[in-house]
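Single-letter residue listing:
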Amino acid sequence: MDKIVVGIDGSETARRALEWAAAEARLRGARLVVVHAWQQPAAALMSPYAPLLADPGSLAETARQTLTDTLKAADLSGLASEPEQLVVQGAAASALIDAAENSLLLVVGSRGRGGVAGLLLGSVSRQVAHESTVPVVIIPPAATAPDAQTRERDG
C-alpha cells in the first residue's frame, strides 16, 4: 500500500499539515505515517510537555506524548488503516526524509515551534524541500485577520 508521510512537532501548523495529509491519504487510499523527531537539548525547547531539565528517557516520553496529543486533536476519520506512528531521536529533516523514502508525498508545516527552538534547528520545511527525493507539500500557517488599517483601507 502506498504511504504518505507527515511530520509533526506539536504546533498548530503541524496539526493542519496532519489533517491535510490525512485527507490526501483518504483520497488515495494510502497509509498515513506520522513522524515526530526530537533532539536533546532542542526537544526540551520544542515540546510543551518537556520539563526544564530532562533526561533522554523523559524527552522520548515527551515526544511520544506530543505525537499522541497531535493525533487526538486531528480529524483522522475514514483512513484505510490506523496511522503508523514514528518517534525518532535525531534531526527532524533527516528523520522525515528517511521515513518518506518510496512514499507518495512528504507533508510538513511551513512553521513549527519557531522562536529559539526554530533558530537552533533551522527551517525543517526548507531543508526537506531541498533534500527530499519525493514530492513535498508545505502547509502554510493559518491566515490571520487583517489589521484595522487594512480593514479601513479596503473598506
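Relevant structure appears above.
Residues numbered from 1 in each chain as written. Predicted model: local features only at pLDDT ≥ 70, side-chain atom pairs only at ≥ 80, totals over all residues. Heavy atoms only, no water.

Draft legend 1. Up close: the pattern of salt bridges. What the rule picks out here adds up to five salt bridges. The partner of Glu19 in a salt bridge is Arg15, with the nearest N and O atoms 2.9 Å apart. Residue Glu19 and its partner Arg15 are located together in helix H1 (residues 12-28), separated by four residues, close to a single helical turn. Judged by its relative accessible area of 25%, Glu19 is partly exposed. Arg15 sits in the buried class, given a relative accessible area of 19%. A salt bridge links Glu84 to Arg31, with the shortest nitrogen-to-oxygen separation between them at 2.6 Å. Of the two residues, Glu84 sits in strand S3 (residues 84-89) while Arg31 sits in strand S2 (residues 31-38), which places them 53 residues apart along the sequence. Of the residues examined, Arg31 reaches a relative accessible area of 27% and is grouped as partly exposed. (Salt bridge = Lys/Arg side-chain N within 4 Å of Asp/Glu carboxyl O. Helix = DSSP H or I, 4+ residues; strand = E, 2+ residues; numbered from the N terminus. Buried < 20%, exposed > 50% of the residue type's maximum accessible area, 1.4 Å probe, protein only.)

Draft legend 2. Examining unusual backbone geometry more closely. For Asn102, which is not glycine, the phi dihedral falls at a positive 65°. Using a relative accessible area of 69% as the deciding quantity, one classes Asn102 as exposed.

Draft legend 3. Seen up close, the pairing of strand S1 (residues 3-7). Summarising burial for S1: five of the five residues are buried, a large majority. On S1, burial covers both faces: Lys3, Val5 and Gly7 on one face and Ile4 and Val6 on the other are all buried. Bridge count between S1 and S2: five bridges; the pairing is parallel. By the bridge assignment, Gly7 is partnered in S2 with Val35. After leaving S1, the chain enters H1 and then returns to the sheet as S2, a path that is right-handed. (Pairing = 2+ DSSP bridges. Right-handed = clockwise from strand over helix to strand, strands pointing away.)

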